[in-house]
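# Reading the structure
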Amino acid sequence: MDKKINEIVSKLQLKPHPEGGFYKETYRSLQKIPQKVLGAAFTGDRNCCTGIYFLLTSQNFSAFHRIKQDEIWHYYSGSSLYVHVISTDGVYNRYSVGMNLEEEELPQLVVPAGSWFASSVKNGNDYSLVGCTVSPGFDFDDFELADRKELINEFPDHKEVIAQFTRS
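Residues numbered from 1 in each chain as written. Predicted model: local features only at pLDDT ≥ 70, side-chain atom pairs only at ≥ 80, totals over all residues. Heavy atoms only, no water.

## Some details on the overall build of the protein chain
Scanning the protein chain from terminus to terminus reveals 4 helices and 13 strands. Projecting the C-alpha coordinates of the protein chain onto the three principal axes gives extents of approximately 45 × 40 × 30 Å. The burial tally for the protein chain puts 47% of its 168 residues in the buried class. Intrachain contacts of the protein chain at a sequence separation of at least 6 include 73% that bridge at least 24 residues. As displayed, the protein chain has an accessible area near 8900 Å², and 50% of this comes from carbon and sulfur atoms. Counting 17 positive and 22 negative side-chain charges, the protein chain places the averaged centre of each group 6 Å from the other. (Helix = DSSP H or I, 4+ residues; strand = E, 2+ residues; numbered from the N terminus. Buried < 20%, exposed > 50% of the residue type's maximum accessible area, 1.4 Å probe, protein only. Contact = heavy atoms within 4.5 Å. Areas by Shrake-Rupley, 256 points an atom, 1.4 Å probe, with all protein chains shown as cover. Lys, Arg positive; Asp, Glu negative; His and termini not counted. Charge placed at Lys NZ, Arg CZ, Asp CG, Glu CD.)

Here's what the structure looks like:
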């Protein structure tokens, strides 16, 4: 399995992602949305749209984080991927992104702006290769990695999943 993962990382020129896994930006629109149109929540202009490859292995996870934009997940290959979402009103759902339609998996999933979310590979000793599209385009100024204690204080009913998918 490591050979396959290393091959994907090499061929797609992926690099480590701060939330876990590997990624490469594949698209950033040339058109921009002015900050005055986006509103005070944004610190500057944003590209209309961005896209990345995202590779996660069963040896790691993508830690809970949130962004100010909607994010669309697209399944490509490997194991199905669990996406753990805590909505802005505190409702937790675990979605499965993959192609097992008879098991109610989704080849695409939209995570609404402002939701806390994490992801993990469904099968042991495997990987998930997905893509993520963000609009307005992603900027690290819009990215917030969860603090375990603060997130548990905000959503105590979801303590177990938060503890499992945070790093501190």
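There's more to say after this.
## So, the environment of Glu71
Inspection of the secondary structure puts Glu71 in strand β7 (residues 70-78). Residue classification places Glu71 among the buried residues on the basis of a relative accessible area of 7%. Considered as a pair, Glu71 and Pro34 are 37 residues apart in the sequence and their alpha carbons are 20 Å apart. Those residues in contact with Glu71 that lie beyond four places of it in its chain are Leu109, Val110, Val111, Phe117, Cys132, Thr133 and Val134. A distance of 3.5 Å separates the side chain of Glu71 from the side chain of Trp73, its partner in a polar contact. (Polar contact = N/O pair within 3.5 Å; in protein donor to acceptor, adjacent residues only side chain to side chain.)

## Looking at the sheet that holds strand β9 (residues 92-97)
Strand order across the open sheet formed by 5 strands is β9-β8-β11-β6-β13, with antiparallel pairing between neighbours. In the strand order of this sheet, the two ends are held by β9 and β13 (144-145), each with one partner. Examined bridge by bridge, strand β6 (residues 62-66) and β13 share 2 bridges and lie antiparallel to one another. Within the sheet, the bridge partner assigned to Arg66 lies in β13 and is Glu144. (Pairing = 2+ DSSP bridges.)

## So, the sheet that holds strand β1 (residues 15-16)
If you walk across this open sheet you meet the 6 strands as β1-β2-β5-β12-β7-β10, and the pairing is antiparallel. The open sheet is flanked by β1 and β10 (108-111), the only strands paired with a single partner. Sheet topology note: the β1/strand β2 (residues 22-28) ladder contains 2 bridges and is antiparallel. Of the residues in β2, the one forming a bridge with Lys15 is Tyr23.

## What to know about the pattern of salt bridges
Within this structure, the stated rule accounts for 6 salt bridges. Note that Asp139 and Arg46 form a salt bridge whose closest N and O atoms lie 4.0 Å from each other. With Asp139 in the loop between β12 (127-135) and β13 and Arg46 in strand β4 (residues 46-47), the pair connects residues that are 93 residues apart, well separated along the chain. Classification of Asp139 as partly exposed rests on a relative accessible area of 26%. With a relative accessible area of 3%, Arg46 lands in the buried category. Between Glu144 and Arg66 there is a salt bridge, with the nearest N and O atoms lying 2.9 Å from each other. Here Glu144 is found in strand β13, whereas its partner Arg66 is found in strand β6, with 78 residues between them in sequence. For Glu144, a relative accessible area of 35% puts it in the partly exposed group. For Arg66, a relative accessible area of 26% gives the class partly exposed. (Salt bridge = Lys/Arg side-chain N within 4 Å of Asp/Glu carboxyl O.)

## Thoughts on the pairing of strand β5 (residues 50-57)
Within β5, 7 of the 8 residues are buried, which leaves the element mostly enclosed by the surrounding structure. Inspection of the sheet shows β2 paired to β5 by 6 bridges, in the antiparallel sense. Within β5, the residue paired with Phe22 across the bridge is Leu55. Sheet topology places β5 next to β12; 8 bridges connect them, and they run antiparallel.

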